[in-house]
Amino acid sequence: MASPLEFTITGSCACHKLLLFLLQFGRTEVIDNTLNPDFVRKFIMDYFFEERENLRFDFRLEKAIEGIPGKKCGTIILTAEELNCCRDSVLMQFCANKLDKKDFFGKSDPFLVFYRSNEDGSFTICHKTEVVKNTLNPVWQAFKISVRALCNGDYDRTIKIEVYDWERDGSHDFIGEFTTSYREMSRGQSQFNVYEVINPKKKGKKKKYINSGTVNTSDLYVSTGNPAQPTSLHYMNPYQLNAYGMALKAVGEIIQDYDSDKMFPALGFGAKLPPDGRVSHEFALNGNPQNPYCSGIDGVMEAYYRSLKSVQLYGPTNFAPVISHVARYASSVKDGSQYFVLLIITDGVISDMAQTKESIVNASKLPMSIIIVGVGPAEFDAMEELDGDVVRISSRGKYAERDIVQFVPFRDYIDRSGNHVLSMARLAKDVLAEIPDQFLSYMRARGIKPSPAPPPYTPPLHQPKGF
């Protein structure tokens, strides 16, 4: 089995500009004006081992730098850790508020440094943001980083983030620090992701010290990977359906029989569209925004797989545009003659939680229901909250008129024997179980009664021909 190793290099040297070179693997970045460099760039290579079990190990190697005879030139420290198979990447953006002022003639020039925790309690640098000049309320540019680099696929591993004020001579002033985890950050923009920046020295000296400012995640989304790669949730396996396809087919093949013409609008959210690469959160899977309808569930499946070949999956993951799209149709037909069911299949990461809650509260007055199927290994706390079975969903103090959301995690329905037909049948049964009651609750609340049954069909009488 081939397992990748990640090499991290730090050092303690007696020079002011450092550049390390690893033969055949690449070069580190140049770090100016420092005697203790902490290089960000990693070197990834395959490690071959005769056993098939997944193994994890760490080692650290320190070597003295040989240079001028009789003079200590510093030490190079090499660490390595086996990387897991997680191939996801995440786009992150951070902003800060009321950071400490460090510059005498100005404010501060803040930047962030991200560290991943190691098994021995040490930390390894994994990213630095750019410097934002002369502000105590910086907004850093969004950056993309692999989940492996951030936490090696361990969602609960500690991530330390330090805040510095940049100085031209390299003696950057420490503002403060905080810790979090990928799981915490994946909750998205909320009160849970506002972190106090703490300077331990100031906290120890000042009794009334509160913090040195706050940092929050203003955006975060995960990419589900290249559909051509087996690690992607959208992997186009030539021999069997992926989780998205199985969920779509399981629910769609039952619910399609309640639609008279079996023409279904199919929308995608979170992708860059050809030819200009614009990001869209409600694009037609069949490529025709004027007519997004597909013929039957087979037509929807065909459009889904075709779109994977033409669009680039991208974030953030916004639910509100798609929900509002369907709500516009439902708001035009309130007489009970039509009822709309929106099926959302997602990996669980949601970037617009507040807007989604508001759109669901507004949609609860309309003839529509929402089915959410979560695929993949992520935590689905946000989806459970949208379901509203325990606590009725609310937005801005306003509660949903009725429960219209049903959520199920797809992984709970995977049959261990590999019987996908059984898995799909169980999934469809549980997903659709609440739809009849949701339908009836809308009709009863508005006093809409079933239309009278049409009279039975009577064949025309044929008069005998006269003579």
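For the structure, check the block above.
A few points on the structure. These numbers were taken from a predicted model, which means no experiment stands behind them. (Residues numbered from 1 in each chain as written. Predicted model: local features only at pLDDT ≥ 70, side-chain atom pairs only at ≥ 80, totals over all residues. Heavy atoms only, no water.)

Further remarks concern the pattern of salt bridges. Enumeration according to the criterion identifies ten salt bridges in this entry. The salt bridge involving aspartate 298 is made with lysine 249; its shortest N-O contact spans 3.5 Å. On the criterion of sequence distance, the pair formed by aspartate 298 in helix α5 (residues 296-310) and lysine 249 in helix α4 (residues 243-255) is long-range, its members being 49 residues apart. A residue is classified by how much of its surface remains accessible, and aspartate 298, at 53% relative accessible area, is exposed. You can call lysine 249 partly exposed: its relative accessible area is 21%. The salt bridge partner of glutamate 401 is arginine 446, with a shortest N-O separation of 2.9 Å. With glutamate 401 in the loop between β27 (398-399) and β28 (405-409) and arginine 446 in the segment after α10 (435-445), this pair connects stretches of sequence that are 45 residues apart. Residue classification places arginine 446 among the partly exposed residues on the basis of a relative accessible area of 31%. (Salt bridge = Lys/Arg side-chain N within 4 Å of Asp/Glu carboxyl O. Helix = DSSP H or I, 4+ residues; strand = E, 2+ residues; numbered from the N terminus. Buried < 20%, exposed > 50% of the residue type's maximum accessible area, 1.4 Å probe, protein only.)

Owing to its 3.6 residues per turn, the α-helix brings residues three or four apart onto one side. Compared with the 21 Å implied by 1.5 Å per residue over 15 residues, the 22 Å span of α5 between its first and last C-alpha is a close match. Within the span of α5, buried status applies to Gly296, Ile297, Gly299, Val300, Met301, Ala303, Tyr304, Tyr305, Ser307 and Leu308. Looking at the buried side of α5, the elements it contacts are α4, β17 (263-265), β22 (293-295) and β23 (312-313). (Expected span 1.5 Å × (residues − 1). Contact = heavy atoms within 4.5 Å.)

For the pair α4 and α5, the least separation of the axes is 10 Å and the interaxial angle reads 160°. With respect to α5, the axis of α4 lies roughly antiparallel. Here α4 and α5 pass one another in a crossing that is right-handed. Facing Tyr244, Gly245, Leu248, Lys249, Gly252 and Glu253 of α4, the residues of α5 in contact are Ile297, Asp298, Val300, Met301, Tyr304 and Tyr305. For the contact of α4 with α5, a count of residues per class yields seven nonpolar, two polar and three charged. (Axes fitted to C-alpha atoms, helices over the stretch in contact; angles between N-to-C directions. Parallel < 35°, antiparallel > 145°, perpendicular 65-115°, else oblique. Left-handed = near helix turned anticlockwise from the far one by under 90°. Nonpolar A, V, L, I, M, F, W, Y, C, P; charged D, E, K, R; others polar.)

Here we take up unusual backbone geometry. For the bond from proline 274 to proline 275, the omega torsion is 0°, close enough to zero to count as cis. Among the secondary structure elements, proline 275 is positioned in the loop between β19 (271-273) and β20 (278-280). At lysine 98, a position not held by glycine, the phi torsion is positive, near 55°. Positioned with a positive phi, asparagine 134 is a non-glycine residue whose angle comes to about 50°. Position of asparagine 134 relative to the elements: it lies in the loop between β11 (123-128) and β12 (143-146).

Moving on: the environment of phenylalanine 111. Following the sequence through the fold, phenylalanine 111 ends up in strand β10 (residues 110-117). A sequence separation of 20 residues divides phenylalanine 111 from valine 131, and the C-alpha atoms of the two residues are 4.8 Å apart. The contacts of phenylalanine 111, once residues within four sequence positions are left out, are Thr129, Glu130, Val131, Trp140, Glu162, Val163, Tyr164, Asp165, Trp166 and His172.

Another point: the packing of aromatic side chains. Evaluated as defined, the whole model comprises twelve aromatic pairs. Here the aromatic rings of tyrosine 339 and phenylalanine 439 are separated by 5.3 Å at their centres, their planes lie at 80°, and the arrangement is edge-to-face. One end of the pair, tyrosine 339, is in the loop between α6 (320-331) and β24 (340-346); the other, phenylalanine 439, is in helix α10, with 100 residues separating them in the sequence. Overall, phenylalanine 439 belongs to the partly exposed group, its relative accessible area being 33%. In textbook terms, an aromatic cluster arises when at least three aromatic residues are bridged by ring pairs, as seen for Phe94, Phe114 and Phe143. Here the basic side chain of lysine 160 rests over the ring of tyrosine 115, its NZ or CZ set 5.2 Å away from the ring centre. Over the face of the ring belonging to phenylalanine 123 we find lysine 160, whose NZ or CZ atom lies 4.5 Å from the ring centre. (Phe/Tyr/Trp six-rings, centres within 6.5 Å; stacked < 30°, edge-to-face > 60°. Lys NZ or Arg CZ within 6 Å of the ring centre and 35° of its normal.)

This brings us to the sheet that holds β23. Within a sheet, adjacent strands bond to each other through the backbone by hydrogen bonds, running parallel or antiparallel. With antiparallel pairing, the three strands of this open sheet are ordered in space as β20-β19-β23. Pairing within the sheet leaves two strands with one partner each, and these edge strands are β20 and β23. Taken together, the three bridges between β19 and β20 define a ladder with antiparallel strand orientation. Pairing of alanine 271 across the sheet is with serine 280, part of β20. (Pairing = 2+ DSSP bridges.)

Turning our eyes to something else, we now look at the pairing of β28. Counting buried positions along β28 yields five of five residues, so the element is predominantly enclosed. Across the two faces of β28 the burial is the same, with Val405, Phe407 and Pro409 and Gln406 and Val408 all buried. Judged from the five bridges that link them, strand β25 (residues 368-374) and β28 form a sheet pairing that is parallel. Looking at the pairing, glycine 374 lines up with proline 409 of β28.

In the contact formed by α6 and helix α7 (residues 353-363), the axes pass within 9 Å of each other and the chain directions differ by 15°. When the axes of α6 and α7 are compared, the pair comes out roughly parallel. Crossing angle aside, the handedness with which α6 passes α7 is left-handed. Note on element contacts: α7 touches α6 through Gln355, Thr356, Ser359 and Ile360, opposite Ala320, Ile323 and Ser324. For the contact of α6 with α7, the per-class residue count stands at three nonpolar, four polar and no charged.

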